[in-house]
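Take a look at the letters that make up each chain.
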Amino acid sequence: MADFALWAAACETAFWPAGTFARAYQANRSAAIEDLIDVDPLAARIRQIMANCSTWTGNASDLLRAGADLSDPGLPGGAPAWPKNPRALAGRLRRAQPFLRALGIQIAFSRESRAGTRVIRIYTRAEDIAMTVSTVSTVSDNRHGADLSHPRPGLEQAL
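Counting from 1, residues in each chain are numbered in the order their sequence is written. This being a predicted model, a pLDDT of at least 70 is required before a residue's local features are given, and a value of 80 or more before pairs of side-chain atoms are given or counted; all residues contribute to the totals for chains, interfaces and linings. The basis for every side-chain value is the complete set of heavy atoms in the structure, and neither hydrogens nor water enter the calculation.

Q: Would you explain the environment of glutamine 97 in this entry?
A: Following the sequence through the fold, glutamine 97 ends up in helix H5 (residues 86-102). Residue glutamine 97 is classed as buried on the basis of its relative accessible area of 15%. Taking the C-alpha atoms as reference points, glutamine 97 and isoleucine 107, separated by 10 residues in sequence, lie 6.6 Å from one another. Leaving out residues up to four positions away in the same chain, glutamine 97 has contacts with Ile107 and Phe109. The way it works is that DSSP assigns letters per residue, a run of H or I at least four long becomes a helix, a run of E at least two long becomes a strand, and they are numbered from the N terminus. Exposure categories follow from relative accessible area, calculated using a 1.4 Å probe and restricted to protein chains: below 20% of the type maximum is buried, above 50% is exposed, and the middle band is partly exposed. The contact criterion used is simple: two residues touch if any of their non-hydrogen atoms lie within 4.5 Å.

So this is what it looks like as structure tokens:
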């Protein structure tokens, strides 16, 4: 995907203003992540929990109870409903972790104390939420000699 993004960013200046591809690509990524969060009850509830606090720490059983206590009819309750046990919750949380991270919600799994108690730490940082990471480089020079002063007709509608 990175090669495609670099190639598309390098070629875009022949047809569109620089940065057009990066904006469209980022908008599509953001929309896909929002859709994934919206259809996953676990990810949606984690986002709801973290909307009210900046840090949550506990084990999978605590998170299972915290999420089960939320009775928001707006949260999806379809086929992959709220997990029934802590192990299933931890597994689904690991799968949702990259998408939640894209929203600025960090999840850390660790073991604490001598007994090796499993702890889940969920936190948000203002700089994580405010920071947008562009996955596409922009090309600042016109290496191929394309005439950028006259855009080709009909290409404006493509975006």
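Q: How should the pairing of strand E3 (residues 117-124) be read in this particular structure?
A: The two faces of the sheet receive side chains in turn, since in a regular strand these alternate between them. In this analysis, strands are considered paired if DSSP registers two or more bridges between them. Pairing of strand E1 (residues 55-58) with E3 involves four bridges; the strand directions are antiparallel. Looking at E3, one finds that threonine 57 is bridged to arginine 121. Pairing between strand E2 (residues 105-112) and E3: eight bridges, direction antiparallel. Bridging across to E3, arginine 111 finds its partner in arginine 118.

Q: Got a minute to help me understand the pattern of salt bridges in this structure?
A: Opposite charge on two side chains allows them to pair when their charged atoms are near. Every case where a carboxyl oxygen of Asp or Glu lies within 4 Å of a side-chain nitrogen of Lys or Arg is listed as a salt bridge. Within this structure, the stated rule accounts for four salt bridges. Put simply, arginine 47 and glutamate 34 hold a salt bridge, and the shortest N to O gap is 3.0 Å. Here arginine 47 is found in helix H3 (residues 41-52), whereas its partner glutamate 34 is found in helix H2 (residues 20-39), with 13 residues between them in sequence. Residue arginine 47 is classed as partly exposed on the basis of its relative accessible area of 27%. Classification of glutamate 34 as partly exposed rests on a relative accessible area of 29%. Within the structure, one salt-bridge network assembled from shared partners comprises Glu34, Asp38 and Arg47.

Q: Just checking my understanding: could you explain the packing of helix H4 (residues 60-69) against H5 for this structure?
A: In a packed pair of helices, the relevant descriptors are the angle between the two axes and the axis-to-axis distance. Interaxial angle, 0 to 180 degrees, is taken between N-to-C directions of lines fitted to C-alpha atoms, where a helix line uses only the stretch in contact. The contact between H4 and H5 brings their axes to 8 Å, and the two run at 85°. The orientation of H4 with respect to H5, classified from their angle, is roughly perpendicular. Residues Ala60, Ser61, Leu63 and Leu64 of H4 lie in contact with H5, whose contacting residues are Pro86, Leu89 and Leu93. Partitioned by chemical class, the residues of the contact of H4 with H5 number six nonpolar, one polar and no charged. Angle categories are assigned with fixed cut-offs, so that under 35 degrees is roughly parallel, over 145 is roughly antiparallel, 65 to 115 is roughly perpendicular, and the rest are oblique. When residues are grouped by polarity, Ala, Val, Leu, Ile, Met, Phe, Trp, Tyr, Cys and Pro land in nonpolar, Asp, Glu, Lys and Arg in charged, and all others, Gly among them, in polar.

Q: Help me understand the confidence of the model for the chain, please; the structure alone is not making it clear to me.
A: Keep in mind that low pLDDT regions are not for reading the predicted coordinates in detail. pLDDT is a per-residue confidence score from the predictor, ranging from 0 to 100. Residues of the chain with pLDDT of at least 70 account for 71%, and the chain-wide mean is 76. Counted against residues more than four places away or in other chains, residues 127-159, with its pLDDT under 50, gives 31 contacts.

Q: Is there a simple way to explain the sheet that holds E1 in this structure?
A: Either a parallel or an antiparallel arrangement is found when strands of a sheet pair, and the pairing is made through backbone hydrogen bonds. The three strands lie next to each other as E1-E3-E2, forming an open sheet whose pairing is antiparallel. Each having just a single partner strand, E1 and E2 make up the two edges of the open sheet. The average undirected angle you get between the axes of adjacent strands in this sheet is 15°. Lying over the sheet, H3 contacts E1, E2 and E3, oriented at roughly 70° with respect to E3. Where H4 meets the sheet, its contacts fall on E1 and E3, and the angle it forms with E1 comes to roughly 125°.

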